[in-house]
Amino acid sequence: MPADLQRSCDYCGQSFHHQGFRTHEKACQRRSEQRGEDLELARVIRQEREQAHQGSVFTGVRPSISGSTSPINNRSEGDDFDFDNQIDYQHDADVGRTDSDGDPPPSATTSPAPQHDIDDIKVEYHPSSGIPTKVYRFEDYGRGPGAPPAVPEADPIPWQPFRTRMDFEVAELAHDAGLSHEQLDRLIRLIHRSRIELFTLKNCKDVRDTWDAASFKMTPFTKEEVIVPFRGVDQTFPLFRRSLWDWVTDLLQDPQVGLNFVFDAQRLSKFNGEKFVRFIHEPWTAHAFWEYQSKIPSDAKPLAFILYADKAKLSSFGRAKGYPVVARCANLPIGIRNGEGLGGGRVVGQVKEDKQHSGKPAFVNFKNAVWHASFLKILDCLAPLSRLGSAIKCWDNVIRVFYPIVLILSADYEEQAVMALIRGLMGKFPCPVCLVPRDELSNTLKVFPLRTCTETKALLARARECTTLDAREQILSSQSLRDVDSSFGVLEHTDVHRALSHDKLHFNDEGLFSDHKWPELQKWVERLGRQAAVQIDSFFQSIPRWRNLNHFDQLIVFAAHTVFDRDTDPEAYLLLRCIRSYVEFNMYASLEVHTEDTINNGREALSKLTGLMDKYIEDTAEMSEKSWNFPKKHLSAHLFDDIEAKGVSRNYSTKPNEKMHGPLKDAYQDRTNFKNFAEQILRYNHDSLIAEYIRNKLDHLDSQNLSISDDLEDQPDTALQETDNSDDIDVDSTEPTDAQHFSLGSKQAAMSFTLIEAGSLGNPAFERFRIKLNDFLNRAFAANSIPFPGGRRIQLVASDMIVEYRFLKVNFESLVDWRVSTDYLRCTPMFHGSPRYDCVILQTDTGIIFGKLMLIFTCTVGDVQYPVTLVLPYDRPVGIRPRKDKDFQFWRVKRKPRASAEFFSVHSIVRGYSEGHAVSQWPWTASCQLHAQTEHQESPSSALTTELFDIEEVKYEEQWSKKYTPRSVKQGIEDTRNSFFAPQTGLFQRFMSWGAVELRSDMGRPAGAKDAT
């Protein structure tokens, strides 16, 4: 290439064609600056860790003014471990520390360090990859060593076979809007009347013909016939399929998708200070991918498929159904694989079900035979390649040899039974994975022999050798098999029983809980009467808004634990404990990163759940006819084996696949004439893929053209340009901010201390507000060695101003997946019609405490603004832990009186949590329940546990008939214990006059109840 067309990048040193160079240089500059920030942040974090080992970084005072949130080291949003889009550029051998000898070379960017630092990531590549084991700093891993590949040059005319760009964009608009033929013709006529760009489309037929011509940009659907005999007569069914191999080849050859592929198995581990602990997330980090790569030639790469199949109701009443087959490529990161772009899931087949012979005894086997004959057509293209492999010239012009495997099958139980060719619920062995007898399905702890394709084929062959139907049936029923050939048998190294995976959506959320535990709990609520149901409803209604707090099963324990008593309702109480244990087990099932420890803890949680359920089943055997022997309960026993083999549960969840049912249903309703609709739906589906493909290329071309035009333009003064751009920043929503930890928003007008104290009369938390703030600032400055302005103690006066903020965004590193998570916190008297004062977890010099936000503001000392918050601490002693708290794993915290509100630096906030207010069973008392998902490290049985923190607040109201809520209580009497225990007139004496029956939760105020005399 001529030298005058080459330009050298100052950041990575590589040379590139002048077209697209500007885009690369800007991206490279951003990465270089980000890496510098990451290294500085890593240095700060390590320094804080060293200080934490030596002692607290803050001394002498409880809060800090400048500080850290150690021991939970919060990283910036750009510094988290980005599992979803992690790309390891394996071609650069200069970055990362080779660990072949166990002694990594010293880093050129950091000072000499021990052999391994806490949180270091070790990557052991499969031997066939030829890449040595490497150890990365946590902040380096996932960014890719060295310079990433250059941005691929864009296609200059990506809209072809549309004649012009205008043609495509009009056709795209008409496609997205679902215009009828007449509407599209009208639109075209209007454009012809007032066009500026060249526009050549003539009418709707011209648009349709152009879409058909463009269909070959991506692998199209083809129509075939499936012939299956039934009672001696051949039955023919239409099948629409897209070649799996051609589809994945499209992805491998696409420059924007291809560079995200991961071809080699990896074993990942994280250093905990003593040893490297294995962790798993993507399929290529788990066992099955590694084992498969060991079975194929060393110069070949695994190409793993995830297949999903299920029926979809297309019409409102479910009479019209579709049976889509969706494919995803397991070599792509989950953020792409489960996304909606080109690398996301794709419909590759539409299986037809026969209804003509339904209801007949032989129909069930016939239905399975039709399904597998259709699926065989879909898998046909992979069968020879799974034995011989196939070479593909990829996006980077490198020819690689691939061996395909169906690694994961994602489906509900009904479809899993069809895939495994077992007899389902009524068979002797209903599990598609193992040979558990039907009457032992409730036992998730006992291990049963696993099914294998080899044994299934041998058993089927032996049965077919029998001369009588009875003998054949006896052999097949011994493992609940059907006399049908499996379509998966044509694939080398694919075992359908190992590919079938736990489906959390159908087995846990919509199965074990929604279909079984929740209806069972409803029966117990009905037995207590309407008042119990009203009380639970009121608990749910009182739970405040909280970001992502939308799982019913996680909240029912919080809402119902005061309704059921251990002594008077032992069975219902035990069931609620089962649900609490289920929530913990389901939490482990949902983790997006698993370590050896969390997998073991998950197995323990399942064991505990099984023990509680066994006791409940035994205690209710005589009063309930419900059977707990159902497959979805048993299938939980295979969950953690699936995680070890194929990665975390979201790799094989049906949720992203079932989300694709919506567009298919919309296409049926809006884009078909309801006759032979399968072909019409799939044509629309393919047109959508083509539109997405062309639009993606157009956006890439626009980006490249923009960067070229920037190169050609004479740039104005850089400093002036940056000043002009700064006006785009919304300072009200973000200032002041600590970029690594928090940002403030919802800025209010500045107020003087005089106005604040005048507006808070009667509120003990704001008494002596200015004086207490002065004391806090002086102690914090002294403790943190911050110079006093002018060398004099801080003395804010009544006319000084502060600025209130009512929104706080806090970033923190999750101990669950090591990513940066964000809490959105409110501290406002009115949020969607009601007050909202969220609670927080604070790091102080004496340890972690909980508290409620009362005011967030900034005050200016000298020329510096300091973010401060007024918090009501929840660190009052709570006494002996009750039995119920142990049963439900509740942890109580207790608030101090409002007069004990304290100032803290906003830097001290670790994260937030949700506080819910729930009215208790007596009209004059209430309890504030605080619920949050936290990483409770003290628990001996689990490192990560969802805990309920129950805040006991006793408040009193002035009138018996007044509706009680915690917020309605006057602040001046909420801590008046004397009135509560007053002789003769105190509420405590009224309570003591009631009998045991009158205290039941389904009773209102007892008839004839009298005050004590």
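The structure this text deals with has already been given above.
All of the points below concern the structure found in this document. (Residues numbered from 1 in each chain as written. Predicted model: local features only at pLDDT ≥ 70, side-chain atom pairs only at ≥ 80, totals over all residues. Heavy atoms only, no water.)

1. Some points on the overall build of the chain
Worth spelling out the cut-off: We count a stretch as a helix when DSSP gives it H or I for four or more residues in a row; a strand needs E for two or more, and each element gets its number in order from the N terminus. Relative accessibility under 20% of the residue-type maximum defines a buried residue, over 50% an exposed one, and the middle range a partly exposed one, all with a 1.4 Å probe and only protein chains included. Here a residue-residue contact requires only that any non-hydrogen atoms of the pair lie within 4.5 Å.
From N to C terminus, the chain includes 31 helices and 30 strands. Expressed as a percentage of the 1013 residues in the chain, the buried residues total 52%. Considering only intrachain contacts with a sequence separation of at least 6, the fraction spanning at least 24 residues in the chain is 68%.

2. Comments concerning the packing of helix H18 (residues 570–590) against helix H19 (residues 596–619)
Filter applied, for reference: Between the N-to-C directions of two axes lies an angle of 0 to 180 degrees, each axis being a line fitted to C-alpha atoms and, for a helix, fitted only over the stretch in contact. Working rule for angles: under 35 degrees goes down as roughly parallel, over 145 as roughly antiparallel, 65 to 115 as roughly perpendicular, anything else as oblique. Working rule for handedness: look at the near helix, and if it is turned counterclockwise from the far one by less than a right angle, call the crossing left-handed; if clockwise, right-handed.
Close contact between H18 and H19 brings their axes to 9 Å; oriented N to C, the two are set at 160°. Classified by the interaxial angle, the pair formed by H18 and H19 is roughly antiparallel. As H18 packs across H19, the resulting crossing turns out to be left-handed. Packed against H18, whose contacting residues are Glu571, Leu574, Leu575, Arg577, Cys578, Ser581, Tyr582, Glu584, Phe585 and Tyr588, the element H19 presents Thr598, Asn601, Gly602, Ala605, Leu606, Lys608, Leu609, Leu612, Met613, Lys615, Tyr616 and Asp619 at the interface.

3. Side note on the pattern of salt bridges
Threshold: The working definition used for a salt bridge is a side-chain nitrogen of Lys or Arg within 4 Å of a carboxyl oxygen of Asp or Glu.
Under the defined criterion, the tally for this structure stands at 45 salt bridges. Between Lys301 and Asp264 there is a salt bridge, with its nearest N and O atoms 2.8 Å apart. In this pair, Lys301 is assigned in strand S10 (residues 300–309) and Asp264 in the loop between helix H6 (255–258) and strand S8 (266–271), connecting sequence segments 37 residues apart. Taken as a pair, Lys301 and Asp264 share a single burial class, namely buried. Here Asp412 ties to Lys632 by a salt bridge, and the two come within 3.5 Å at their closest N and O atoms. Taken together, the positions of Asp412 in the loop between strand S16 (399–410) and helix H11 (413–420) and Lys632 in helix H20 (residues 631–634) put the pair 220 residues apart, joining distant regions of the chain. Classification of Asp412 by relative accessible area gives buried; the value is 14%. When its relative accessible area of 18% is taken as the criterion, Lys632 is described as buried. In the salt-bridge network here, residues are joined through shared partners; they are Arg165, Glu169, Glu172, Arg695, Asp699 and Asp702.

4. Description of the nonpolar core
Quick note on the threshold: Buried Ala, Val, Leu, Ile, Met, Phe, Trp, Tyr and Cys residues form a nonpolar core when they are joined through side-chain atoms within 4.5 Å.
Counting residues in each nonpolar core, the largest one holds 84 residues, and the members touching the most others are Leu244, Phe261, Phe375, Leu379, Leu409 and Met419. Looking at this core element by element, the count peaks at seven residues for helix H24 (residues 677–712). If we ignore the near neighbours within four places in the chain, the residues touching Met419 are Ala309, Trp371, His372, Leu409, Ala411, Phe488, Val496 and Leu500. Ala286, Tyr292, Leu574 and Phe640 belong to the second largest nonpolar core, which has 62 residues in total.

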